[in-house]
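# Examining the three-dimensional arrangement
Single-letter residue listing:
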Amino acid sequence: MTVESTAARKPRRSAAGKTGSTGSKAAGTTGTRRATAKKPTDAQPELVQLLTPEGKRVKNAEYDPFVADITSDELRGLYRDMVLTRRFDAEATSLQRQGELGLWASLLGQEAAQIGSGRATREDDYVFPTYREHGVAWCRGVDPTNLLGMFRGVNNGGWDPNSNNFHLYTIVIGSQTLHATGYAMGIAKDGADSAVIAYFGDGASSQGDVAEAFTFSAVYNAPVVFFCQNNQWAISEPTEKQTRVPLYQRAQGFGFPGVRVDGNDVLACLAVTKWALERARRGEGPTLVEAYTYRMGAHTTSDDPTRYRHDDERVAWEAKDPIARLRGYLESETDTNEGFFAELEAESEALGRRVREVVRAMPDPDHFAIFDNAYADGHALVDEERAQFAAYQASFADVDAEEGEKR
């Protein structure tokens, strides 16, 4: 089994297969060499799992202690977090489709990875997200409506990072891992009893910034956890085109441990992240956690995943849905009744209404702000571009006026 094997993905032709009947002996040798190089990925990578897709508890001697004292109320809290986060995410996607947001990056399918890891953090820990960590923001107490201003274009973030120890969203791929490492090194020098966690995706793992962060964190023993949500697609590029080994194994080359966890298992994500954060607080340095999950939706609302992946692949992962998984466990192993789910559904709808109302009450973005502050003293080319854009904007007013006259 390859690292990113799925039942639905079409097999890719090997280099040897491309040579055809005219391929030389040398070409055949090259093909053999490549096949040999892939052998390390043939074995099934280790995967920490505490809940099966059917909602059955799996024993794990190493990580069970980190969730041994979890109560039924806390399990219901994790379920509530995932349901409300998914509802917020769905509403934001709809608002973008209705023209209220310029863009949205959905977390659909990744709720367990985010809620599990987010709930593992302490109040004094510091989080450095990418632009998809809506569930982690929820866990850190950031009002979900504050996440939407940037995507509407009315602000550059929407919250004070130091109020919740949750940094602003980072659009530049991978750069937040360096920010997190530097912050963690500062914590270590201050002697603080806290840790840092940096989120990034499988695509970002190919960035040089991430490799530099791994190097510095290892050398300086920084109290940082690198949490990679491997949703298997960096926009349209599968993980198998980015790495020859499972992502968590990359940590070995930098001198610190890596763990692959079932990213659709909220209990496993909670336990593994707790372990990694506690290890960081004890002064044992960084850890790489690879949450093996799946991006159920598009990369962003500007993306069309049907152009590069099969529906069968999504269907296979729907059977591993993180919310259905925990619900199965709640229904079979706890005293959770239907009243809880009904109340949560009502709360979910109320959240959706509040998000709509807040977004529609936001001001329209300043269309010309992009031209401000590009140069301290102004620039002729920027002035020209501003004038062209103003004319373009005015053309819509002319069309609207003509349509009004026709009516």
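Bear in mind that the values here come from a model prediction, so they are computed numbers and not experimental data. (Residues numbered from 1 in each chain as written. Predicted model: local features only at pLDDT ≥ 70, side-chain atom pairs only at ≥ 80, totals over all residues. Heavy atoms only, no water.)

## Details of the sheet that holds strand E7 (residues 287-292)
In spatial order, the strands read E1-E2-E3-E7-E6; together these 5 strands make up an open sheet with parallel pairing. Across the chains shown, the open sheet's two edge strands, defined by having one partner strand only, are strand E1 (126-128) and strand E6 (258-262). Averaged over all adjacent pairs, the angle separating strand axes in this sheet is 20 degrees, with direction ignored. Pairing geometry for strand E2 (residues 196-201) and strand E3 (residues 224-230), over 6 bridges, is parallel. The residue bridging phenylalanine 200 from the neighbouring strand is cysteine 228, located in E3. Across the sheet, helix H9 (residues 208-219) is in contact with E2, E3 and E7; its angle to E3 comes to roughly 150 degrees. Packing of helix H11 (residues 266-281) onto the sheet brings it into contact with E2, E3, E6 and E7, and relative to E6 it is tilted by some 160 degrees. (Pairing = 2+ DSSP bridges. Helix = DSSP H or I, 4+ residues; strand = E, 2+ residues; numbered from the N terminus. Axes fitted to C-alpha atoms, helices over the stretch in contact; angles between N-to-C directions. Contact = heavy atoms within 4.5 Å.)

## Points about the packing of aromatic side chains
All chains considered together, the criterion is met by 27 aromatic pairs. Note on phenylalanine 88 and tryptophan 104: the rings are 5.7 Å apart at their centroids and 90 degrees apart in plane angle, and the pair reads as edge-to-face. In this pair, phenylalanine 88 sits in helix H3 (residues 72-97) while tryptophan 104 sits in the loop between H3 and helix H4 (111-120), placing the two residues 16 residues apart along the sequence. The pair phenylalanine 88 / tryptophan 104 is uniform in exposure class, with both members buried. Geometrically, the ring pair formed by tyrosine 292 and tryptophan 317 is tilted, given 5.9 Å between the ring centres and 55 degrees between the ring planes. With a gap of 25 residues between them, tyrosine 292 in strand E7 and tryptophan 317 in helix H12 (residues 311-318) connect regions that are remote in the sequence. In terms of burial, tyrosine 292 and tryptophan 317 fall into one category: buried. An aromatic cluster is defined as three or more aromatic residues linked by ring pairs; in this entry it consists of Phe88, Trp104, Phe151, Trp159, Phe166 and Tyr169. Over the ring of tryptophan 317 we find lysine 320, and its NZ or CZ is 4.0 Å from the ring centre. (Phe/Tyr/Trp six-rings, centres within 6.5 Å; stacked < 30°, edge-to-face > 60°. Buried < 20%, exposed > 50% of the residue type's maximum accessible area, 1.4 Å probe, protein only. Lys NZ or Arg CZ within 6 Å of the ring centre and 35° of its normal.)

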